[in-house]
Amino acid sequence: MFKLGLRSVLAHRLRFVLCTLAVTLGVAFAGGAMVFTDTLSHALKKNFAVSTADITVTPSSPIETGTDRPATFQAEVADRVAAVPGVASAIPQLMVSDVEILGPDGKQIENYGLTSFGAAWPREPATAPFKLVDGTPPFGGSQLALDESTASRAGYEVGDQVRIVTPTQALTATLTGTTTPAVAGAAAGAPLVTFDGATAQRLLLGQAGWTSVTVALKPGSDADTVSKAISTTIGDSVKVRTAKQVSADGEHDLDTTFGGFSTVLVLFACLALFVGTFLIVNTFAMVVAQRSRELAMLRAIGASRGQVTRSIVAESAIIGFLGSTLGLLIGIGVAVAIRFTYETLDLRIPTASLQVTPTTIIACYLIGIGVTVAAAAPAARRAGKLPPIAAMRDDVSAPERSLLTRILIGAFVLLMAVLLYAIGLSAGGLPGVVLIVLGAGTAVIGIVMLSPLLSRYVVRVLMYPFGRKAPVTLGRRNAERNPRRTSATASALMISVSLISGLMVIAASAKASINQNIDDALGTSQLLITTDGTPAFSTQVGDRTEKVAGVRSVHRVRTETGKVGKTNVQVTGISDGTLDGPITTKFDAGSAAALGSGQALLPRNLATTLGVTVGKTFELATATGTHKLTVGGIVAPNRQLNAVIVSLPTYRTIGGTTSDNLLYVEVADSNHVGQVRAEILGQLTKDYPSIQVRDQQAYAAAAREPVNGVLAAVGFLLVLAVLIALLGIVNTLGLGVVERTREIGLLRAVGMDSPQLSRMLRVESIAITLLGSVLGLGLGVGVAAAIQSAMVDNGLNVRDIPVLQLVAAVAAAMLFGVLAAVWPSRRASRLNVLRAIAAE
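This is a predicted model, so every value here is computed, not measured.

Draft legend 1. View of the packing of aromatic side chains. If you walk through the whole model with that rule in mind, you get two aromatic pairs. When the ring of Trp121 is compared with that of Phe130, the centres are 5.3 Å apart and the planes differ by 65°; the resulting orientation is edge-to-face. Accessibility classification places Trp121 together with Phe130 in one group, the buried group. Aromatic side chains Phe321 and Tyr365 sit 5.4 Å apart centroid to centroid with 25° between the ring planes, which places their arrangement in the stacked category. Remark: Tyr365 occurs in helix H10 (residues 358-384) and Phe321 occurs in helix H9 (residues 305-344); sequence separation between them is 44 residues. By relative accessible area, Phe321 is classed as partly exposed at 44%.

Draft legend 2. Geometry of the confidence of the model for the chain. Confidence in the prediction for the chain averages 80 pLDDT; 86% of positions are at 70 or higher. Across the chain, element-level confidence peaks in strand E7 (residues 143-147) with a mean pLDDT of 93 and bottoms out in helix H1 (residues 2-11) with 58.

Draft legend 3. The arrangement of the sheet that holds strand E11 (residues 212-217) in detail. The four strands are arranged E2-E11-E1-E12 in an open sheet whose pairing can be described as antiparallel. Strand pairing shows two members of the sheet lacking a second neighbour, strand E2 (87-93) and strand E12 (238-242), which therefore form its edges. The average angle at which neighbouring strand axes cross in this sheet is 20°, direction not considered. Two elements, strand E1 (residues 55-59) and E11, share three bridges in a ladder whose sense is antiparallel. The residue bridging Val57 from the neighbouring strand is Val213, located in E11. Where helix H3 (residues 75-82) meets the sheet, its contacts fall on E2, E11 and E12, and the angle it forms with E2 comes to roughly 170°. Set on the sheet, helix H6 (residues 223-234) makes contact with E1, E2, E11 and E12; between it and E12 the angle comes to about 175°.

Draft legend 4. Region of interest: the environment of Ile729. Considering the arrangement of structural elements, one finds Ile729 in helix H19 (residues 696-739). Take Ile729: its relative accessible area is 0%, and that puts it in the buried class. As a C-alpha pair, Ile729 and Leu279 span 450 residues in sequence and 8.1 Å in three-dimensional space. The contacts of Ile729, once residues within four sequence positions are left out, are Thr489, Leu493, Ser765, Ile768, Thr769 and Ala820.

Draft legend 5. Representation of a nonpolar patch on the surface. A cluster of nonpolar residues, Leu815, Phe816, Leu819 and Val822, forms a patch on the protein surface that exposes about 370 Å² of accessible area. Examining the composition of the nonpolar patch, we find that three residues originate from one element, helix H22 (residues 803-820), more than from any other.

Draft legend 6. The packing of helix H14 (residues 483-521) against helix H21 (residues 754-790), seen in detail. For the pair H14 and H21, interaxial distance at closest approach is 6 Å and the crossing angle is 35°. Here the hand of the crossing between H14 and H21 comes out right-handed. Broken down by class, the residue content of the contact of H14 with H21 amounts to 14 nonpolar, 12 polar and no charged.

Draft legend 7. Molecular detail of the pattern of salt bridges. Tallied over the entire structure, the rule returns 10 salt bridges. We note a salt bridge from Arg556 to Glu546, for which the minimum N-O separation is 3.8 Å. Taken together, the residues span a long stretch of sequence, with Arg556 in strand E14 (residues 551-564) and Glu546 in helix H15 (residues 539-546) at a distance of 10 residues. Taking the relative accessible area as the measure of exposure, Arg556 reaches 10% and is therefore buried. Given the relative accessible area of 42%, Glu546 is considered partly exposed. Between Arg558 and Asp660 there is a salt bridge, with its nearest N and O atoms 2.7 Å apart. Note that Arg558 is positioned in strand E14 and Asp660 in the loop between helix H17 (648-653) and strand E21 (662-667), a separation of 102 residues in sequence. Across this residue pair, the class does not change: Arg558 and Asp660 are buried.

Draft legend 8. Quick look at the packing of helix H11 (residues 403-427) against helix H12 (residues 429-462). Packing of H11 against H12 leaves a shortest axis separation of 7 Å and a crossing angle of 160°. Of the possible angle classes, the one that applies to H11 and H12 is roughly antiparallel. As H11 runs across H12, the sense of the crossing is left-handed. Residues of the contact of H11 with H12, tallied by class, amount to 25 nonpolar, eight polar and one charged.

Draft legend 9. Up close: the pairing of E12. Within E12, four of the five residues are buried, leaving the element largely enclosed by the surrounding structure. Looking at chain direction, E1 and E12 are connected through five bridges and run antiparallel. The residue of E12 that forms the bridge with Thr58 is Lys239.

Draft legend 10. Spotlight on H21. Look at H21: 54 Å from first C-alpha to last across 37 residues, which is about the 54 Å you get at 1.5 Å a residue. Counting buried positions along H21 yields 27 of 37 residues, so the element is predominantly enclosed.

Draft legend 11. Just the side chain of Asn661, in detail. Mapped onto the fold, Asn661 is located in the loop between H17 and E21. A polar side-chain atom of Asn661 sits 2.8 Å from the main-chain amide nitrogen of Thr559. When sequence neighbours within four positions are dropped, the list of residues in contact with Asn661 reads Ile529, Thr530, Pro535, Ala536, Phe537, Val557, Arg558 and Thr559.

Draft legend 12. Region of the structure containing the side chain of Glu100. Within the fold, Glu100 resides in strand E4 (residues 100-102). Although Glu100 is buried, it makes no salt bridge; Arg163 carries the closest opposite charge, 9.8 Å away. Among the polar contacts made by the side chain of Glu100, one reaches the side chain of Ser690 at a distance of 2.8 Å.

Draft legend 13. Broad picture of the environment of Gly441. Here Gly441 lies in helix H12. Separated by 24 residues in sequence, Gly441 and Ala417 place their C-alpha atoms 8.0 Å apart.

Draft legend 14. Just H15, in detail. Val541, Gly542 and Thr545 are the residues of H15 that are buried. Viewed end-on, H15 has its buried residues packed into an arc of 95°, placing them on one side of the element. Buried positions along H15 lie against strand E13 (527-531), E14, E21, helix H18 (673-684) and strand E22 (691-695). The backbone nitrogen of Gln540 has a side-chain oxygen 3.0 Å away, supplied by the residue at the start of H15, namely Ser538.

Calculation rules
- Here the residue index of a chain counts from 1 through its sequence in written order.
- Whole-chain, interface and lining totals are the exception, using all residues; otherwise, since this is a predicted model, local features are given only for residues with pLDDT of at least 70 and side-chain atom pairs are given and counted only at 80 or more.
- Side-chain figures throughout are based on the complete set of non-hydrogen atoms in the structure, without hydrogens or water.
- Here is the rule: rings of Phe, Tyr and Trp (six-membered ring for Trp) pair when centre to centre is within 6.5 Å. Planes less than 30 degrees apart are stacked, more than 60 are edge-to-face, and the remainder are tilted.
- The buried label goes to any residue with under 20% of its type's maximum accessible area, the exposed label to any with over 50%, and the partly exposed label to all in between, with areas taken from a 1.4 Å probe on protein chains only.
- Only DSSP runs of H or I with at least four residues qualify as helices, and only runs of E with at least two residues qualify as strands; both kinds are numbered from the N terminus onward.
- Scored from 0 to 100, pLDDT reflects the predictor's confidence in each residue.
- Any two strands between which DSSP finds at least two bridges are classified as paired.
- To get an axis, a line is fitted to the C-alpha atoms, and for a helix only the part in contact is used. The angle between two axes follows their N-to-C directions and goes from 0 to 180 degrees.
- Contacts are residue-level and defined by heavy atoms, with any inter-residue pair within 4.5 Å sufficient.
- Here, patches come from residues exposed beyond 30% relative accessible area and free of salt bridges, joined within 9 Å for like charges and within 5 Å for nonpolar side chains (Val, Leu, Ile, Met, Phe, Trp, Tyr).
- With residues, only the protein chains shown are counted as cover, and all accessible areas are computed by Shrake-Rupley using a 1.4 Å probe.
- A pair is scored as a salt bridge if a Lys or Arg side-chain nitrogen falls within 4 Å of a carboxyl oxygen belonging to Asp or Glu.
- Handedness of a crossing is defined here by the sense of rotation of the near helix relative to the far one, left-handed for an anticlockwise turn of less than a right angle and right-handed for a clockwise turn.
- Note on residue categories: nonpolar means Ala, Val, Leu, Ile, Met, Phe, Trp, Tyr, Cys or Pro, charged means Asp, Glu, Lys or Arg, and polar means any other residue, Gly included.
- To sort the angles, those under 35 degrees are grouped as roughly parallel, those over 145 as roughly antiparallel, those from 65 to 115 as roughly perpendicular, and the leftovers as oblique.
- The span expected for a helix works out to 1.5 Å for each residue beyond the first.
- Here a polar contact is recorded for every N or O atom pair within 3.5 Å, except that within protein the pair must consist of a potential hydrogen donor and a potential acceptor, and residues adjacent in sequence are included only if both atoms are side-chain atoms.
- Counted as positive: Lys and Arg. Counted as negative: Asp and Glu, with His and the chain ends omitted from the count.
- Arc definition: it is the arc formed by the directions from the helix axis to the C-beta atoms.

Take a look at the structure:
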């Protein structure tokens, strides 16, 4: 039976090309994601195994801090560690992010998404995760060193003047040496600028402090024993890890990071394969129908039902194997191309041999073959039920089950989806969104099961405006005559269109909500200063802005991460008067005056989550420890202040950062806003090229950019599913031409010309396309509207349905439907009339 399946595939290659292509695209997506992430993860994991420290001591923080806000400790900790028995040396280290390296043209050097790090040159260079390549180590506030890759890309040589922007100030210093990129830790392979210890603390932290201590052991000392002794000596204020533990933690973090990235891409691959499943189901259903007499003949000459079924399964397995093999090879090629691109850009990301693991290979083949065989199984079962006597009949066809059971199950599933929607809407917030998304998935299943019943009537209604001429009527009836086939083809497009339309509605609603929230929140500030570089910038930016003629006041906003109980929060410090005009606020309880007494203001949703009211106290954990604060007011939803709000003096008390994140600028004369903006830029651009000075409209536009970016990225991934859905239409029409060869010959014989035949097939394609588009549009818009309703109190408070964009999407789908009929039409028009009439 396997040989028979192989011969069938080879004899009817064209029938199975599109099936193989669908499997190939999906597997390529999954394989490429897994190979690339495995390769990069493996390369970076090697960095944790080459740590120069036997033991690493880092500050212990009550919250998880990012590289942009590391916890620090003082030098005396290193002295105390050095005194522990078994320790040969304890060298304090400093490495943080939030550093901008400017090129000779004054613009930030392109880092292609990598974070730039700043570090201190340690007292013992052997303990550093980088090595000197050329020149000498930096010394004093006017010298620095750069990693070799960054210096080369920027065109810097030893002795050149290099401009740097740190969290505390901008400066120009002499390049005294070049180093290798860091080979261990979070900064591995990233751009790196180094200073001497005292200068690094002043420029990178604005105060004395270190981010870690690297410990070298005396010969014969046991790392576990010494690490326990260090923990006992220093206490809970530090975290002590051996080299083996550092390596394990680093690998875990990388697995988490790359695992999440890979999972997202694999989910899109699964979506592509799911959409491709409908194509495979249709192909095998039509092939079995066309080969019914052949299969019945196999039964007549002695083949059992199981053997006939296995022959069809063998065909699907061969297609799945071919598609998986091609997909895996293409995926490996994509991973190689991405790595080559990084190397071409001279990004010294640690390299490793291409990691094509057995897990990836097995997963690709299991996914590809499993999906193909599962999709072909219904047709294989029907083929096995053909009776041997059917070989003597001309009108033999594979038996099909009644639609009644399918329709009843579909109706029940759709009812469950409606219940999930209702519960999700009443729950609201993130739990409500999860229920609505589950309801959406359930609704897809229900609609797919009900679509054979819907297709006849919906197609008839949708095609009514196209008139009643013969090609139109025949094309419509061709779409109606086999509701299973039409609905399966349309369902693939329905899923793709529903995702795209839902994404469009959510994106439009998010942008409209951002506009309204900013309009409601921004008061008297005509200008806002932010940065497109690092999240925070030096206080010198605000100091210089205050001195610009025409500026009446500058209000500062600083932000860092905190935690209340198990809830992660943002902590925002604001200068006096910020809530008296620059930001418009409404209070559910309390007032802004509470900030002056050291109390905190909470947004309504956070207060509800924490269960606190005005006058109640709560504990806020930051990088410096745990602090008790009193609630002085509850703020209505406000995009600009969705955080625990305190005054700047209180913010400094709880150990907040010394850098600003946002400045609100009030101009003395509103008629001169443009002139004042130009003067501010003139003061800042040279030293702070990433600083952006925007008016309220431009600030709102910038706030919308991330939504546009997500929309573009996800939309690009969904195009793959759309292409596979369109392949399904091409496949259905192409196989339909083969199936209706005699019918087409008779139509030509009674006078239908080639243009009319092509028009008939185009109408059939448009009917299928419209059916899928309309069902997908209704489902996508409905789900997106429900999600918006559930997220009203979480920032998505405006519903915006982009009607013109949705209509354009449907029109584009129709256009592609017309294009999908081109190849089948040409094939049909070239049929020899006499041979077609004689065909069985």
